[in-house]
Amino acid sequence: MTISGSWQRTARGAGLLAPDGRIASTIFAEMSGLAQSTGAINLGQGFPDEDGPAEVLDAARRAIADGVNQYPPATGIPALRSAIAQHQKRFYGLSVDPDREVLVTAGATEALAATILALVDEGDEVVTLEPFYDAYGGLIALARGVHKTAALHGPEFQPDHDELRRVVTDRTRVILLNNPHNPTGSVLARETLELIVELAHEHDAIIVTDEVYEHLTFEQPHIPVATLPGARERTVTISSAGKTFSTTGWKIGWLVSTPELVTAILAVKQFLTYVNGAPFQPAIAVGLALPDSFFEGIARTLQAKRDLLSQGLVKAGFQVSRPGGTYFVVADAAPLGYADAATLCRELPALAGVVGVPISAFVHEEHAHSYASLVRFAFCKKTEVLERAAAQLGGL
């Protein structure tokens, strides 16, 4: 079978194919393979090793037993769309029409894919922060867009406002923000978000926000871009249930936007998964209605895990950032004598029985030198696992 040259060029640009035409292996697959083969503690991948709240799990079981096992409506079941709208009102004061302004998706990744494919034409520029979640580069390339970035500067991993002003131009179609931010764990300042809105108006760009860690912030609350003056009418807000309810395998996500943008995105989404997760949708509706104590508790628990792992990394000799949210902490391996974090990550399973991922996996190749010694570790694991990892790292 012959694969078209244009597809091969696009796939290579998206990082999906190696130069010899084989499917490209990622550092994530390599590190997970190392963890499996060596028995090391896998702090490279960002998924929890504990189940979510019993109320949510029980609701899924009931839905299966009650026969909720066939195609749900294309936009998502009414109960979940209503729960998402109520969630936006309850936590952020946003009034949302569940029938016209909410779309349920197969996780946040499908929401991102459908949004980018719907809004980006060939040659349009998409601006992200850098480092960036690895799916962004692939999705922009598949839409034949042009990926532009503004750097995040350590140790707090905030962007330079003058650089943002230079990067966002009249060629910018989408400004894609991940806040709270994977892989750095940073939470963007309100002033930065306000600048993004200003630039979007100035250059007639659409803001797409990936807010999957919205309930996992520590010292400061999450600010959705859509709550800022002038932002609502040009913002697509994306989130999901996986991180909040420790159900990453269920792949229930959603987006909230204007009826016009939702309709445009649905036109693409219907040819991706069409629909998904029928019995999981009512379960997530239950989860979104849990009391404030649940949402406050998951953030407190994760903050304690952040501090536990960070202490072990500091004891090991790393210079450690202080993430304001998410599952992740960034550690600089330079004080240990490693200028190349990828080398350290390949050796760390033997040295300490722990796996991390180099931050260079989240940046354009030409910018990798700026982040070469940085490693991302995930702390969304059981406390006893993190205690063991911290002790093993301390042995360095």
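Now for a look at the structure at hand. Not measured: the values here are computed from a predicted model.

## Notes on the sheet that holds strand 7 (residues 206–210)
Paired through their backbone hydrogen bonds, the strands of a sheet run either parallel or antiparallel.
Now for step 1: Judged by pairing direction, the sheet is mixed, and its 8 strands sit side by side in the order 2-9-8-7-6-3-4-5 without closing on themselves. Lying at the two open borders of the sheet, with one neighbouring strand each, are strand 2 (102–105) and strand 5 (158–159).
Now for step 2: Where strand 4 (residues 146–153) lies against strand 5, 2 bridges are found, and the strand directions are antiparallel. In the strand pairing of strand 5, L152 is matched with P159.
Now for step 3: Of the strands in this sheet, strand 5, strand 6 (172–178) and strand 7 touch helix 8 (residues 190–203), which is tilted by about 165° from strand 6.

## What about the environment of R171?
Now for step 1: Considering the arrangement of structural elements, one finds R171 in the loop between helix 7 (161–167) and strand 6.
Now for step 2: The exposure class of R171 is exposed, given its relative accessible area of 56%.
Now for step 3: With 184 residues separating them along the chain, R171 and V355 place their C-alpha atoms 40 Å apart.
Now for step 4: Setting aside anything within four residues of it in sequence, one finds R171 in contact with D124 and E125.
Now for step 5: Within the structure, R171 has its side chain in polar contact with the side chain of E125 (distance 3.1 Å).

## Considerations on the side chain of S239
Now for step 1: Mapping S239 onto the fold places it in strand 8 (residues 235–240).
Now for step 2: Residue S239 is classed as buried on the basis of its relative accessible area of 3%.
Now for step 3: Among the polar contacts made by the side chain of S239, one reaches the main-chain carbonyl oxygen of E211 at a distance of 3.3 Å.
Now for step 4: Among all residues touching S239, those that are not within four sequence positions of it are A108, E211, V212, E214, G253 and W254.

## Looking at the pattern of salt bridges
Now for step 1: As enumerated under the stated definition, the model contains 14 salt bridges in all.
Now for step 2: For R306, the salt bridge identified is with E219, shortest N-O distance 2.9 Å. With R306 in helix 12 (residues 292–316) and E219 in the loop between strand 7 and strand 8, the pair connects residues that are 87 residues apart, well separated along the chain.
Now for step 3: For the salt bridge of R306 with D307, the shortest nitrogen-to-oxygen distance reads 2.9 Å.
Now for step 4: Three or more residues are tied together by salt bridges with common partners; here these are E219, R306, D307 and R322.

Scoring rules and cut-offs
Residues numbered from 1 in each chain as written. Predicted model: local features only at pLDDT ≥ 70, side-chain atom pairs only at ≥ 80, totals over all residues. Heavy atoms only, no water. Pairing = 2+ DSSP bridges. Helix = DSSP H or I, 4+ residues; strand = E, 2+ residues; numbered from the N terminus. Contact = heavy atoms within 4.5 Å. Axes fitted to C-alpha atoms, helices over the stretch in contact; angles between N-to-C directions. Buried < 20%, exposed > 50% of the residue type's maximum accessible area, 1.4 Å probe, protein only. Polar contact = N/O pair within 3.5 Å; in protein donor to acceptor, adjacent residues only side chain to side chain. Salt bridge = Lys/Arg side-chain N within 4 Å of Asp/Glu carboxyl O.

Scope: geometric values only; no functional claims are made or implied.
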